[in-house]
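Coordinate inspection notes
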Amino acid sequence: MGLLLLGAVVANAQQEIIGVAFEFLQQNNLDSAKAAINRAVVLPETANDPLAWQVRGYVYKSIYFKTEKNNKRSPARIEALNSLKKSIVLDEAKEIYTENTTALKFLINSLHNDAAASLEAANKNLNPADYELAIELFKKSQEFYKIINPDPAVNQEKQIEFDLALGLVYNTFIESSKKDSTRTFKYRRLAKNLYNKVLVVDPDNVSANYSMGILYYNQAVELILASEYGDLEELERLQDNSDKLFKASLPFMEKAYTLDPTRPETLQGLTGIWFSLHETEKSNIYRQKLQDIEKPK
């Protein structure tokens, strides 16, 4: 056999290993499929073949689905995502782009769903590890989503949606930490930083404005309640600090009201703020607005 012909036979054999891996995958023989495709992606002739990396993505996607679906930190899922990403990069002609992005979207959605489930668990169990995992998973989902849709506006919208959900979790931690001032301070600071982050990119976000306002409002109310147990000097200090907090709340509540004048919670907040600042007339104006929208139609 001539050298050129021998070379062609060897090259074809190395290309065939991708097909072999795919056949094992179709037979649900995932161990053999994994061994074959991992060999294919290191062979010089197939290491830069987008099909090889696509099949590797499929194999690890199947491993994730079969054995690691309940593992939110599934190594197989990450291997699948990275493989599909590499296939997309290598597939300059976009011959298999649709198949790659379909598989990628499935895995991204699984990350997003696990992030949401982790936030829900944090809200229920009050375990910081749950929301920390949610942040990790969402960040990873965004990393790969940008491959499919690099539009900054779309990705910013997704980030804001997640941040607002995370803020609700922080608020739950605040409410559960009333007897631990250090813990309360920590989660109030995290929540404020989060809402500030949202407002930097979206100053007209109704939820972020209201949420920031209610953080200051609730903090002021806590000081008023605490003042019932202090001496006169302490009472004056707490009263002064609560007034500062109500005033800090006011611009956020007013902005939220401007953006959505029919939200009852905002009207309740403005009623309470002006009443606490001894502006009875202004308080009554918002109380009346609240009564008007709550009247049966």
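Okay, so let's go over this structure. Note that the structure is a prediction, hence the values are computed from the model and not measured. (Residues numbered from 1 in each chain as written. Predicted model: local features only at pLDDT ≥ 70, side-chain atom pairs only at ≥ 80, totals over all residues. Heavy atoms only, no water.)

Quick look at the packing of helix H6 (residues 128–148) against helix H7 (residues 152–175)
Contact pair H6 / H7: the axes reach a minimum separation of 11 Å and the direction vectors enclose 180 degrees. Judged by the angle between their axes, H6 and H7 are roughly antiparallel. Together, Pro128, Tyr131, Ala134, Ile135, Phe138, Gln142, Tyr145 and Lys146 of H6 and Val154, Asn155, Lys158, Gln159, Phe162, Leu166, Val169, Tyr170 and Phe173 of H7 make up the contact between the two elements. Split into classes, the residues belonging to the contact of H6 with H7 amount to 12 nonpolar, three polar and two charged. (Axes fitted to C-alpha atoms, helices over the stretch in contact; angles between N-to-C directions. Helix = DSSP H or I, 4+ residues; strand = E, 2+ residues; numbered from the N terminus. Parallel < 35°, antiparallel > 145°, perpendicular 65-115°, else oblique. Contact = heavy atoms within 4.5 Å. Nonpolar A, V, L, I, M, F, W, Y, C, P; charged D, E, K, R; others polar.)

A look at the pattern of salt bridges
The final tally for this structure, using the stated rule, is nine salt bridges. Put simply, Glu143 and Lys140 hold a salt bridge, and the shortest N to O gap is 3.3 Å. You can see Glu143 and its partner Lys140 sitting in helix H6, three residues apart, about one turn around the helix. The partly exposed category is assigned to Glu143, whose relative accessible area is 35%. (Salt bridge = Lys/Arg side-chain N within 4 Å of Asp/Glu carboxyl O. Buried < 20%, exposed > 50% of the residue type's maximum accessible area, 1.4 Å probe, protein only.)

What to know about the side chain of Ser87
Along the chain, the position of Ser87 falls in helix H4 (residues 75–90). Taking relative accessible area as the criterion, Ser87 reaches 0% and is therefore assigned buried. Residues within four places of Ser87 in sequence aside, it is in contact with Pro50, Trp53, Gln54, Ile96 and Asn100.

Describing the packing of aromatic side chains
On inspection of all chains with the given rule, the structure shows 10 aromatic pairs. A ring pair is formed by Tyr131 and Phe173, whose centres lie 5.5 Å apart and whose planes are at 90 degrees; its orientation type is edge-to-face. Separated by 42 residues along the polypeptide, Tyr131 in helix H6 and Phe173 in helix H7 bring together distant segments of the chain. Ring-pair connections join several aromatic residues into one group, and the members of that group are Tyr131, Tyr170, Phe173 and Tyr187. The ring of Phe106 carries the charged tip of Lys61 above its face, separated from the ring centre by 4.6 Å. (Phe/Tyr/Trp six-rings, centres within 6.5 Å; stacked < 30°, edge-to-face > 60°. Lys NZ or Arg CZ within 6 Å of the ring centre and 35° of its normal.)

Quick notes on the nonpolar core
Membership of the largest hydrophobic core comes to 75 residues, with the highest contact counts inside it found for Leu104 and Tyr131. If near-sequence neighbours (up to four positions away) are discounted, Tyr131 is found in contact with Ser118, Leu119, Ala122, Leu166, Val169, Tyr170, Phe173, Lys186, Tyr187 and Leu190. (Core = buried A, V, L, I, M, F, W, Y, C linked by side-chain atoms within 4.5 Å.)

Notes on the packing of helix H3 (residues 50–67) against helix H5 (residues 97–125)
Geometry of a packed helix pair, given as the angle between the helix axes and the separation of the axes. The contact between H3 and H5 brings their axes to 11 Å, and the two run at 30 degrees. Handedness of the crossing formed by H3 with H5: left-handed. Residue-level inspection shows Gln54, Tyr58, Lys61, Tyr64 and Phe65 of H3 in contact with H5, the latter providing Glu99, Asn100, Ala103, Phe106, Leu107, Ser110 and Asp114. Of the residues belonging to the contact of H3 with H5, the class tally is six nonpolar, three polar and three charged. (Left-handed = near helix turned anticlockwise from the far one by under 90°.)

Structural notes on helix H9 (residues 206–226)
Helical geometry: 3.6 residues make up each α-helical turn, so side chains three or four residues apart lie on a common side. If you check H9, its first and last C-alpha atoms are 30 Å apart, about what 21 residues at 1.5 Å a residue would give, namely 30 Å. Residues Ala208, Asn209, Tyr210, Ser211, Met212, Gly213, Ile214, Leu215, Tyr216, Tyr217, Gln219 and Ala220 constitute the buried set of H9. Of the residues that open H9, the one with a side-chain oxygen 3.2 Å from the backbone nitrogen of Ser207 is Asn205. (Expected span 1.5 Å × (residues − 1). Polar contact = N/O pair within 3.5 Å; in protein donor to acceptor, adjacent residues only side chain to side chain.)

Digging into the environment of Lys179
Positionally, Lys179 belongs in the loop between H7 and helix H8 (181–201). In this structure Lys179 comes out as exposed when scored by relative accessible area, which is 88%. Taking the C-alpha atoms as reference, Lys179 lies 66 Å from Gln15; in sequence the two are 164 residues apart.

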